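Here is what each chain is made of, one letter per residue.
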Amino acid sequence: MKRLENKVAVITGSATGIGQATALVFAEQGATVVCADVDLEKAQATVKQIEQAGGKAEAVHVDVSQVDSVKQLADHLASTYGTVDVLFNNAGIDQQGGKVHEYPIELFDQIIAVDLRGTFLTSKFVIPLMLKNGGSIINTSSMSGRAADLNRSGYNAAKGGIANFTRAMAIDYAREGIRVNSLSPGTIETPLIDTLVGGKEEEQGKQFRDANAWITPLGRLGKPREMATVALFLASDDSSYVTGEDITADGGIMAYTWPGEMLIDDKWKTDAE
Ligand SMILES: NC(=O)c1ccc[n+]([C@@H]2O[C@H](COP(=O)([O-])OP(=O)(O)OC[C@H]3O[C@@H](n4cnc5c(N)ncnc54)[C@H](O)[C@@H]3O)[C@@H](O)[C@H]2O)c1
């Protein structure tokens, strides 16, 4: 039996990257996937891929930072499906903004609005559809929610907030049969990295990827599907006794305090893809 048979799964930010890979994996496991994204055209392309593979999905426009837009999504879910079993709050943005005293207020507000407030809003309006049957919610934090990055305080604040917001949600809904956990990716090769530091072919983008491979114990960046399979574990009954937890999937970065011999070991240069 497939692990998400007869389940309705809503994934925000499923037009590209981790959300897109998760939409494909959830559909392979039998879920009907609602691909909710601000970029409807690309979300429709995800749906097409799912349908070509024999799965069920639909694309719905949502801007998770806007109350009315999230309400519209919830209304659509209520009238189309009645209940929702899995919610993956994955939509997010990231951008460098400089040190705190130079960080643009608008950028801080925007990152908090999409990443943190968007997680709150989507949960607030979709949870009523999960109360009857219970289910699983996966929020997307980051290793950048567990420790900090240079020039990215807005993102660090949003992702740190999501980790503790997840615990609050887990406590609020444990007795209602809704489990709530967060997934904290390390550096994963997605369009978000292109926006943050430039593409693979650009000098800065290449340097960032090489440096990340170097500092990552597993010696490479993660792939979107490697996050999707962790999300599948959290979405399915395989994790039936797990709630209020954050799972870090970062190739081992958060496991050390000092990289030691990794600093002089250049094995990553040959191992990295
Ligand atoms: N890629 C990484 O290294 C990494 C690391 C840690 C955490 N994350 C988190 O993983 C999640 C997915 O990121 P990704 O790397 O796949 O990036 P991505 O840019 O490929 O995907 C993000 C998706 O969110 C959508 N989106 C953006 N703003 C939205 C809005 N207001 N409403 C609805 N949808 C919106 C985009 O259209 C896109 O489809 C994000 O929350 C991100 O912060 C990514």
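Scroll up for the structure.
A brief report on the enclosed structure follows. (Residues numbered from 1 in each chain as written. Predicted model: local features only at pLDDT ≥ 70, side-chain atom pairs only at ≥ 80, totals over all residues. Heavy atoms only, no water.)

### Points about the packing of helix α1 (residues 17-28) against helix α8 (residues 224-235)
Logical step 1: Where α1 contacts α8, the two axes come as close as 8 Å, and the packing angle between them is 55 degrees. Considering their axes alone, α1 and α8 lie oblique with respect to each other. Pair α1 / α8 crosses with right-handed handedness. The residues of α8 that touch α1, namely those facing Gly-17, Ile-18, Ala-21, Thr-22, Val-25, Phe-26 and Glu-28, are Pro-224, Arg-225, Met-227, Ala-228, Ala-231, Leu-232 and Ala-235.
Logical step 2: Residue classes in the contact of α1 with α8 are distributed as 10 nonpolar, two polar and two charged. (Axes fitted to C-alpha atoms, helices over the stretch in contact; angles between N-to-C directions. Helix = DSSP H or I, 4+ residues; strand = E, 2+ residues; numbered from the N terminus. Parallel < 35°, antiparallel > 145°, perpendicular 65-115°, else oblique. Left-handed = near helix turned anticlockwise from the far one by under 90°. Contact = heavy atoms within 4.5 Å. Nonpolar A, V, L, I, M, F, W, Y, C, P; charged D, E, K, R; others polar.)

### Some points on the site of the ligand
Logical step 1: Looking at the ligand, there are 28 residues lining it, with Ile-18, Asp-37, Tyr-155, Ile-188 and Thr-190 nearest.
Logical step 2: In this structure, Thr-16 approaches the ligand through a side-chain N or O atom, which is 2.8 Å from an oxygen atom.
Logical step 3: One nitrogen or oxygen atom from the main chain of Val-38 is found 3.4 Å from a nitrogen atom belonging to the ligand.
Logical step 4: Contact with the protein chains hides 91% of the accessible area of the ligand, taken as 820 Å² for the molecule alone.
Logical step 5: Put simply, the parts of the chain that give the shell around the ligand at least two residues each are α1, α5 (153-173) and α6 (191-197).
Logical step 6: Among the elements that take part in the shell around the ligand, α6 stands out by supplying three residues, more than any other. (Near = heavy atom within 4 Å. Polar contact = N/O pair within 3.5 Å; in protein donor to acceptor, adjacent residues only side chain to side chain. Areas by Shrake-Rupley, 256 points an atom, 1.4 Å probe, with all protein chains shown as cover.)

### Re the pairing of strand β1 (residues 8-12)
Logical step 1: A large share of β1 lies buried, amounting to five of its five residues.
Logical step 2: By the alternation rule, side chains of β1 split into Val-8, Val-10 and Thr-12 and Ala-9 and Ile-11, which are all buried.
Logical step 3: Pairing geometry for β1 and strand β2 (residues 32-37), over five bridges, is parallel. Pairing of Thr-12 across the sheet is with Ala-36, part of β2. (Buried < 20%, exposed > 50% of the residue type's maximum accessible area, 1.4 Å probe, protein only. Pairing = 2+ DSSP bridges.)

### Concerning the packing of aromatic side chains
Logical step 1: Summed over the entire model, instances satisfying the criterion amount to two aromatic pairs.
Logical step 2: With a centroid separation of 6.0 Å and 80 degrees between ring planes, the pair formed by Tyr-103 and Phe-108 is classed as edge-to-face.
Logical step 3: Each ring, one from Phe-120 and one from Phe-165, has its centre 6.2 Å from the other, and the planes form 70 degrees; the classification is edge-to-face. Highlighted residues: Phe-120 in helix α4 (residues 105-126) and Phe-165 in helix α5, separated in sequence by 45 residues.
Logical step 4: Residue Phe-120 is classed as partly exposed on the basis of its relative accessible area, which comes to 39%.
Logical step 5: Taking the relative accessible area as the measure of exposure, Phe-165 reaches 22% and is therefore partly exposed. (Phe/Tyr/Trp six-rings, centres within 6.5 Å; stacked < 30°, edge-to-face > 60°.)

### Some thoughts on the sheet that holds β2
Logical step 1: Taken together, the seven strands give an open sheet; going across it, the order is β3-β2-β1-β4-β5-β6-β7, and neighbouring strands pair in parallel fashion. Strands at the two margins of the open sheet, each flanked by one partner only, are β3 (56-61) and β7 (246-249). For this sheet, the mean angle separating the axes of adjacent strands, direction not counted, is 20 degrees.
Logical step 2: On the sheet, helix α2 (residues 40-52) packs against β2 and β3 and is oriented at approximately 175 degrees with respect to β3.
Logical step 3: Running at roughly 150 degrees to β3, helix α3 (residues 67-80) makes contact with β1, β2 and β3 of the sheet.

### Brief notes about the environment of Ala-163
Logical step 1: Relative to the assigned elements, Ala-163 resides in helix α5.
Logical step 2: Taking the C-alpha atoms as reference points, Ala-163 and Gly-82, separated by 81 residues in sequence, lie 29 Å from one another.
Logical step 3: Among all residues touching Ala-163, those that are not within four sequence positions of it are Ser-141 and Ser-182.

### Concerning the pairing of strand β4 (residues 86-89)
Consecutive residues of a regular strand have side chains that alternate between opposite faces of the sheet.
Logical step 1: Alternating positions in β4 separate into two faces, Val-86 and Phe-88 on one and Leu-87 and Asn-89 on the other, with burial throughout.
Logical step 2: As defined by bridge partners, β4 adjoins strand β5 (residues 135-140) across four bridges and the pair is classed as parallel. Opposite Asn-89, over in β5, you have Asn-139 as the bridge partner.

### Considering the nonpolar core
One broad trend across soluble globular proteins is that nonpolar side chains are buried collectively.
Logical step 1: Judged by nonpolar contacts, the single largest core of 31 residues is most densely connected at Phe-26, Val-33, Cys-35, Ile-50, Phe-88, Ile-138 and Leu-183.
Logical step 2: Mapped by element, the contributors of at least two residues to this core are β1, α1, β2, α2, β4 and α8.
Logical step 3: Each residue touching Val-33, except ones within four places of it in the same chain, is listed here: Ala-9, Ile-11, Ala-23, Phe-26, Ala-27, Lys-56, Ala-57 and Glu-58.
Logical step 4: Of all hydrophobic cores here, the second largest spans 26 residues; its members include Val-10, Ala-36, Met-169 and Ile-178. (Core = buried A, V, L, I, M, F, W, Y, C linked by side-chain atoms within 4.5 Å.)

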